[in-house]
Protein chains: 4
Amino acid sequence: MNKTDINVIEEVNLNKPIFIEALPGIGHVGKLAIDHLIDNLNATKFAELHSPYFPPQVFIDENGLIENMNNEFYYLKEFGEDKRDYIFLVGNSQALSPEGQFILSGEILDFVEGYGIEMIYTLGGLATGQPIENSKIFGVATNIETIEILKEAGVEIRSADGGIVGASGLLLGLSKLRGITGLCLMAETPGYFIDAEAAEAILLKLSKLLNITVDTEKLDERAEETKMMISKAQQIEQEMLGKNKQSADDLRYIG
Amino acid sequence: MNKTDINVIEEVNLNKPIFIEALPGIGHVGKLAIDHLIDNLNATKFAELHSPYFPPQVFIDENGLIENMNNEFYYLKEFGEDKRDYIFLVGNSQALSPEGQFILSGEILDFVEGYGIEMIYTLGGLATGQPIENSKIFGVATNIETIEILKEAGVEIRSADGGIVGASGLLLGLSKLRGITGLCLMAETPGYFIDAEAAEAILLKLSKLLNITVDTEKLDERAEETKMMISKAQQIEQEMLGKNKQSADDLRYIG
Amino acid sequence: MNKTDINVIEEVNLNKPIFIEALPGIGHVGKLAIDHLIDNLNATKFAELHSPYFPPQVFIDENGLIENMNNEFYYLKEFGEDKRDYIFLVGNSQALSPEGQFILSGEILDFVEGYGIEMIYTLGGLATGQPIENSKIFGVATNIETIEILKEAGVEIRSADGGIVGASGLLLGLSKLRGITGLCLMAETPGYFIDAEAAEAILLKLSKLLNITVDTEKLDERAEETKMMISKAQQIEQEMLGKNKQSADDLRYIG
Amino acid sequence: MNKTDINVIEEVNLNKPIFIEALPGIGHVGKLAIDHLIDNLNATKFAELHSPYFPPQVFIDENGLIENMNNEFYYLKEFGEDKRDYIFLVGNSQALSPEGQFILSGEILDFVEGYGIEMIYTLGGLATGQPIENSKIFGVATNIETIEILKEAGVEIRSADGGIVGASGLLLGLSKLRGITGLCLMAETPGYFIDAEAAEAILLKLSKLLNITVDTEKLDERAEETKMMISKAQQIEQEMLGKNKQSADDLRYIG
């Protein structure tokens, strides 16, 4: 496998969809929020992306079946008060290498531009490194009009303080270069656990901005599942690190 | 050398062969098991793979002859009770870079698909990090039917705990994307030495699954040889690390 | 985005322009000096470069607008006593990977060669690691005639001591291979803060060499702004490092 | 610059030349030996290689002139008792990345194969990590006949102990794949200084194998010069490391 491959499962016509990215990131805020939304609203998966830029591994699911690193595209038609169409990007992985990050973000935008996306939302967490009462939602955008919309929705504007690393940042930056309007919502989170509260906060703000209604009840359960998966995963991490170290030696020295 | 090169030594026709991967990995369980099986059953080498994704080095054999990093393909015809054909993948190296891992796994599958492989087995070790009585064999697969077959053979199903890194994982994942059925067998092993017991355990389980008979007597000797090679290698490792450090400086500063 | 893209904003004819590079580097001496000069003389931006070799991120400006990693080209026509044309290269980033450094430097030279550049200046800082009274200016060049010119201008010639890493070095080296004359000016600086004094020293030497006049009054203010931006940035750096670490785990283990 | 470029300075016809590689490596044994031989015998430079796989930097010579990272090809016609032709490969750098090492070694072999090379010698050091009386010369080869020749010349055969990393190993390995006979000579050296004694030992063994005469008198002087250059370089290394660290921060955070 030497190039990214996007496998279209269902041909679908969408009317100026809004594109929402929620790939794994800090506190899994975005991923948790949109995985829940997809579940809750029965969004339909219509494409799957595989790439040599993902980590060179597979996951194992609860039945012992292997699962490839992937990104998945879901759609919703005529959803919410405004009857808008949506494309959601979720998955279990981001590109590993800096160049891979650029290439993959470009390929993702090429794909969704084919559906005539009108706007892009990227979601993420903002690590505070310490416990927080209520997760505040911060935002940035590609133009000043969108900044105003964020302010009206009660989103705090983040300014002149560093940047956004990875897909949430690059998809927005490359969209700006293509003349696509976009914004990024970031929820405050301690950052060291799966944060259902932050995910709920971002979903509520998203509901307000998109004029949609989302039931956030089951978010806690989902967070619980994810926590369990992580704790299991961390046991394995030890093994893997061991394995990698060992392999490294092997690769260098075993005839 | 800027691309992977597969040199076919013997043209051979195989009937729906089973493809078994056993590249270097944790405890060398898979490599040890299949190197032994190839030896024991006089399997025939029919192709050799060289790649710029391997570590940039050569090995030195017992006669002072240099040996390239490589992967090798062996075949067996009408072997075992079921008179099945087999392709074995062994070698002294895996790709170094994440992208190299994907590209190489894809090229390997392209090659063996040309022989009409019906199924893929990947073999590995599962590091316990501590001494073990009897090496349990764990398994995962690409579909639920194969999981059932593993259960019937007394293989423990590994579930929802992390993943499989490297060729054993990627070859399985990419096979799944190509619609090829596959499984991975992992033997428990402390992980910090060449584990003949684990290799024997995996060979016995393999015999049961494939309905073949394999003599495991000489496994200990082979493990001994490998141990000697490693201890020698580790002396050299010191030199090499020294050399690399030194070179790094040289490369940066000597006119 | 899988290749470097240079977006030409204004078609301009230049007469044997002098090309001056001042990308981010030690103490920001070059960047600070030329950003100031561009501001002070109202140089015109005529092209913008984006590349997958830059860090995979965006910056956030004081209004909450995202800003892509970029390099920018400015020009000045008939400037200074000698009425020379100039091209200035500034930006917020250099290529991350060693190969990216070579590729990008080559693409930049291809672009400015199209404008018939006659000579290249690269600017940088020379870290002393300790406080200094007056920042001495050191220089190197692509040929001995230019070394003489530097000496006449009171520039100390740096000799047989290591090298120049990054764009300031590579643009000069690749220019030499293309038969373009060039030099590099390096200002002594402690290296651990934005050094307005060093930037002033390099501007004064530049004025002498180019026979131009530059007002260096506002340099301190600019240095102040930059310092503020950095301190803010460093708070964020903590978050980002946290985010990256977290993501790394996620990427490896979350299904 | 996105591909390796070999600039041929003089068209020359050579008769089955012997190709000798001596790029920078441990203790600079090979480089020191062949730089001296080239000087001593007035070998002629006929080609120069530049590559994006080298470190992204330039060196500064004693006159303040910048010097690109490069590899250089020299030739000698009808040299020694046997009146043989020779191609020598020297330079200031090796490829940085593993893939770069493979690609560059392949391109170098493509180039010298065009001159009909009959055999390849690679030279290196063998780090003992401690002072040594007399530097013993070890050897390895691509075939058993050559091992015999090495034994007759009193070269110790190195066996089953690890490998050879970098150009000295890869050029030999890729030559073997192309059916070109080759050997590697390694001189014992403490490894932490420029070792004139080891260089002399390797030159004497080389003289015996090639049936040539080389004056080794000036080797000490050359070693002295090189030592001076290194000590200077090491002062600069500190600055550069500082610069790189600083730049890394800048690249990430300065708008």
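What this report covers is the structure whose coordinates are included nearby. Just so you know, these numbers come straight off a predicted model, no measurement behind them. (Residues numbered from 1 in each chain as written. Chains lettered and ligands numbered in written order. Predicted model: local features only at pLDDT ≥ 70, side-chain atom pairs only at ≥ 80, totals over all residues. Heavy atoms only, no water.)

This part is about helix 3 (residues 144–152) of chain D. Residue and element names in this part refer to chain D. Where helix 3 is concerned, the buried positions are Thr146, Ile147 and Leu150. Projected down its long axis, helix 3 carries its buried residues within an arc of 105°, all on one side. Of the residues one or two after helix 3, glycine 154 is the one with positive phi, at around 80°. (Buried < 20%, exposed > 50% of the residue type's maximum accessible area, 1.4 Å probe, protein only. Helix = DSSP H or I, 4+ residues; strand = E, 2+ residues; numbered from the N terminus. Arc of directions from axis to C-beta.)

Now for the layout of surface pockets. Taken as a whole, the second largest pocket holds about 1,100 Å³ of empty space. Surrounding the second largest pocket, 34 residues form its lining, A:Glu99, B:Glu99, C:Ser97, C:Glu99 and D:Glu99 being those nearest its centre. Every element with two or more residues in the lining of the second largest pocket is listed here: helix 2 (98–113) of chain A, helix 2 (98–113) of chain B, helix 2 (98–113) of chain C together with helix 2 (98–113) of chain D. Here the lining of the second largest pocket is built from residues that sort into 20 nonpolar, ten polar and four charged. (1 Å grid on protein atoms, 1.4 Å probe; cavity = no way out; pocket = protein on both sides within 12 Å on 5 of 7 lines; lining within 4 Å. Points joined across faces, edges and corners; volume = space filled by probe spheres on them. Nonpolar A, V, L, I, M, F, W, Y, C, P; charged D, E, K, R; others polar.)

This brings us to the packing of aromatic side chains. In the structure shown here, the tally under the stated rule is 32 aromatic pairs over all chains. Where A:Tyr86 meets A:Phe88, the ring centres are 5.9 Å apart and the plane angle is 5°; that geometry is what we call stacked. You can call A:Tyr86 buried: its relative accessible area is 1%. Ring centres of D:Phe46 and D:Tyr115 lie 5.3 Å apart, and the angle between their planes is 75°; on these two criteria the pair is classed as edge-to-face. Of this pair, D:Phe46 sits in strand 3 (residues 44–50) while D:Tyr115 sits in the loop between helix 2 and strand 8 (119–127), and the two are 69 residues apart along the sequence. Judged by its relative accessible area of 14%, D:Tyr115 is buried. (Phe/Tyr/Trp six-rings, centres within 6.5 Å; stacked < 30°, edge-to-face > 60°.)

All right, on to the sheet that holds strand 11 (residues 163–165) of chain B then. An order of 5(A)-4(A)-11(B) is seen for the three strands of this open sheet, with the pairing classed as antiparallel. Both edges of this open sheet fall to strand 5 (66–68) of chain A together with strand 11 of chain B, since each of them pairs with a single strand only. Ignoring which end each strand starts from, the neighbouring axes of this sheet average 30° apart. Pairing of strand 4 (residues 57–60) of chain A with strand 5 of chain A, which is carried by three bridges, proceeds in the antiparallel orientation. Its bridge partner being in strand 5 of chain A, A:Val58 is matched across the sheet by A:Asn68. Along the sheet, helix 4 (residues 167–177) of chain B makes contact with strand 4 and strand 5 of chain A together with strand 11 of chain B, crossing strand 5 of chain A at roughly 80°. (Pairing = 2+ DSSP bridges. Axes fitted to C-alpha atoms, helices over the stretch in contact; angles between N-to-C directions. Contact = heavy atoms within 4.5 Å.)

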